[in-house]
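A closer look at the structure
Take a look at the letters that make up each chain.
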Amino acid sequence: MARLLRYVTIFSCFILMQSISSSSSFMFKQGQQLRSSNSSDEVVSANGVFKLGFYHPGSYLSIWYRNIEKNPEVIWLGNRYPIPDPSAVFTLDFDGKLKIISKKGQLIVLNPMQNVNSGNNVTASATLMDSGNFVLNEVLANGIVGKVLWQSFDYPINTLLPGMKLGKNFETGQSWTLSSWLSWLVLTPGAFRLGVDPGGTNQLVLWKREDVYWTSGVWKNGSFQNAPELTRRADLFDFSFVSNEEEKYFSYKARNSSIVSRLEVNFWGQIVQYVLAKDGTSWENTTLVSLCKHGKNFPNLVECVEHKPSTCSSNSSEIFVPIRSYANSTKSSYMDYNTNISLIDCQATCWKNCSCIGCITLHQNGTGCFYMSNISDILLDERSGFGFYLESRFTKGGTTIVGGTKRDSKGGKKKIRWILWCIIAATVGGEENLGCCNRQAWDLWKKEESIDLVDESVDRSYPEEEFTKCVHIGLLCVQEHATDRPTMSDVISMLSNDVRSLPQPKQPAYCHSGKSAGSPSSGTDWISRSASINNVTITVLEPR
């Protein structure tokens, strides 16, 4: 019997040690650090679904899905602005403060108003829960976990997870709202914000900047009157709307713990529901709310925003339509270099300006605006992935019907646009697309034999000097250091100037790839298509 008890004791100690060891992966204790420079520094939830660490590139302290490599999807950010310092660390100090510290002097305190009562031997620890919530608790002297000091669920970004609240706590003043990204590469709050009606009505409101863009209608009998689709998956989720003197909020929870899901307010102001597919590596998504349906002549267009009638509304436009095209001239253009605005804001400004007929984002990160006022200055190209968003009065079913020159191979002024795909991909996408212009282009350009890059399957009725210029600009766009690369406005200017005025490129970087933080799966995808005889890869930017 004594021997049996000894074995039981040993086995129990082994189990306890295993439990302590595994719990260290989802516990974050005082003095512990996560380093931006080390991708293996992480906190993982006990169920293995979520991970907390620095998401690269950009040094964002983030929570994201751990085992979904193709679409990891950032669901929370500790800092909405990137920290460029690779030596940044995240730590829980001995005062109970969660801090992001940079050697360059930046300091972000996630819970500045919280303190741990260390005089009573009270400490603190944080846990990444199976729900995806990162929770900071008091820990009493006897080891018992005390009250919640802070939690990431109180500071949502663009994502609502099961168990999160969307609304307001009237006692504490805490507000829970979702904000879209500014652009697909800039994770600061964008044009759209979703929350509950701040008045007495129990409904959801979606704002575009400060204007009401959409309302759900009143919550009644388990759903919203004007948006029953929000609660249609009652087979998977339980939905609730709570309204009392203390708080008012909308929430939902999964009926089964194996269901991995989220609601997202995307760049276009759409509310999209994502459920992890059975393969565990991809998402099944359903657009629950979208005002694109108001473009009656474009029923299949999903990337659009509804605009209020303006003094120019008599032009019969409904929405902006993406057209495969590029600027043939900058004579009628206007550029706004403001990095706090994006395509949604560009469209709103263009809509109110009767001389504006189309727009696109200006900077590499999808911010700033490039406006056009003359349709004849826009050149169409069905194979180009880069395009302007034109007022719908100029289009019908995606085809331009007013103005808009389209050159063919018989025209002596035709420019070779498949190399421009590389230019645009590198300029807009940044470092992750440097591989689109390979060593072959550099070697041939040095030998003054760039013309050999032309695919044999392509008709060669074009000016060779135009092609050479495109290669020259393409090489500038894929320089290893971002400071050596031209901006979008620079590229457009280069296309209009003599090649002798262009700076000389340095040897570009090769075969570099990566993924930007928080790029939504419904956002821009870079697609590499091999359709070439001489093995030159073409990278196409599909319009959003």
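Look above for the structure.
Here goes a summary of the coordinates provided. Since this is a predicted model, take the numbers as computed values, not measurements. Throughout this description, residue numbers start from 1 for each chain and increase along the sequence as written. Local features are withheld for residues below a pLDDT of 70 in this predicted model, meaning they are given only at 70 or higher, and side-chain atom pairs are given and counted only at 80 or more; totals for whole chains, interfaces and linings count all residues. Side-chain numbers come from the whole structure's heavy atoms, not from hydrogens or water.

Regarding the overall build of the chain
Stated formally: Only DSSP runs of H or I reaching four residues or more are called helices, and only runs of E reaching two or more are called strands; each is numbered from the N terminus. What makes two residues a contact is simply this: any of their non-hydrogen atoms within 4.5 Å. Here the accessible surface of atoms and residues is derived via Shrake-Rupley with a 1.4 Å probe, and residues count as covered only by protein chains that are part of the display.
Along the backbone of the chain there are six helices and 36 strands. Within the chain, counting contacts between residues at least 6 apart in sequence, those at least 24 apart form 54% of the total. Accessible area of the chain: about 25,900 Å², with a carbon and sulfur share of 50%.

What about the side chain of K248?
Heads up, the rule is: What qualifies as a polar contact is a pair of N or O atoms within 3.5 Å, subject to a donor-acceptor requirement within protein and to the restriction that residues adjacent in sequence count only when both atoms come from side chains.
As for its placement among the helices and strands, K248 is situated in strand β23 (residues 247–254). Side-chain polar atoms of K248 contact the backbone oxygen of G199, separated by 2.8 Å.

Looking at the pairing of strand β18 (residues 204–208)
To be explicit about the condition: For every residue, the accessible area obtained with a 1.4 Å probe (protein chains only) is divided by the maximum for its type, and the residue is called buried under 20%, exposed over 50%, and partly exposed between those limits. If DSSP finds at least two bridges between two strands, the strands pair.
For β18, the tally of buried residues reaches five of five residues, placing the bulk of the element in the interior. Along β18, one buried face is formed by L204, L206 and K208 and the opposite face, lined by V205 and W207, is buried too. Bridge count for strand β17 (residues 189–196) against β18 is five bridges, and the pairing is antiparallel. Bridge pairing links F192 to K208 in β18. Looking at chain direction, β18 and strand β19 (residues 211–215) are connected through four bridges and run antiparallel.

Considerations on the state of the cysteines
Applicable threshold: In this description, a disulfide is simply a cysteine sulfur pair whose atoms lie within 2.5 Å.
Going through the model one piece at a time under the given rule, you end up with two disulfides. Here C359 is not cross-linked by a disulfide; its sulfur's nearest cysteine counterpart is in C350, at 4.9 Å. The exposure class assigned to C359 is buried, which follows from its relative accessible area of 0%.

Details of the nonpolar core
Convention followed: Only buried residues count toward a nonpolar core, which is a set of Ala, Val, Leu, Ile, Met, Phe, Trp, Tyr and Cys residues joined through side-chain atoms within 4.5 Å.
Grouped together as the largest cluster of nonpolar side chains are 80 residues, with contacts concentrated most on L52, F90, F134, L204 and W214. At five residues, helix α2 (residues 343–352) tops the list of elements feeding residues into this core. Ignoring sequence-local partners within four residues, the contact set of F134 consists of F28, L52, I63, F90, L98, A126, T127, L128, W150, Q151 and S152. Counting 18 residues, the second largest nonpolar core, distinct from the first, contains I319, F370, I378 and F388.

Things to note about the environment of P189
Looking at where P189 falls in the secondary structure, it is placed in strand β17. A residue is classified by how much of its surface remains accessible, and P189, at 40% relative accessible area, is partly exposed. Along the sequence, P189 and Y81 sit 108 residues apart, while their C-alpha atoms lie 9.8 Å from each other. The contacts of P189, once residues within four sequence positions are left out, are R80, S179, S180 and L182.

Digging into the sheet that holds β23
The strand order β15-β14-β23-β22 describes an open sheet built from four strands, whose pairing is antiparallel. Strands at the two margins of the open sheet, each flanked by one partner only, are β15 (175–176) and β22 (237–243). Pairing geometry for β22 and β23, over seven bridges, is antiparallel. Looking at the pairing, V242 lines up with Y249 of β23.

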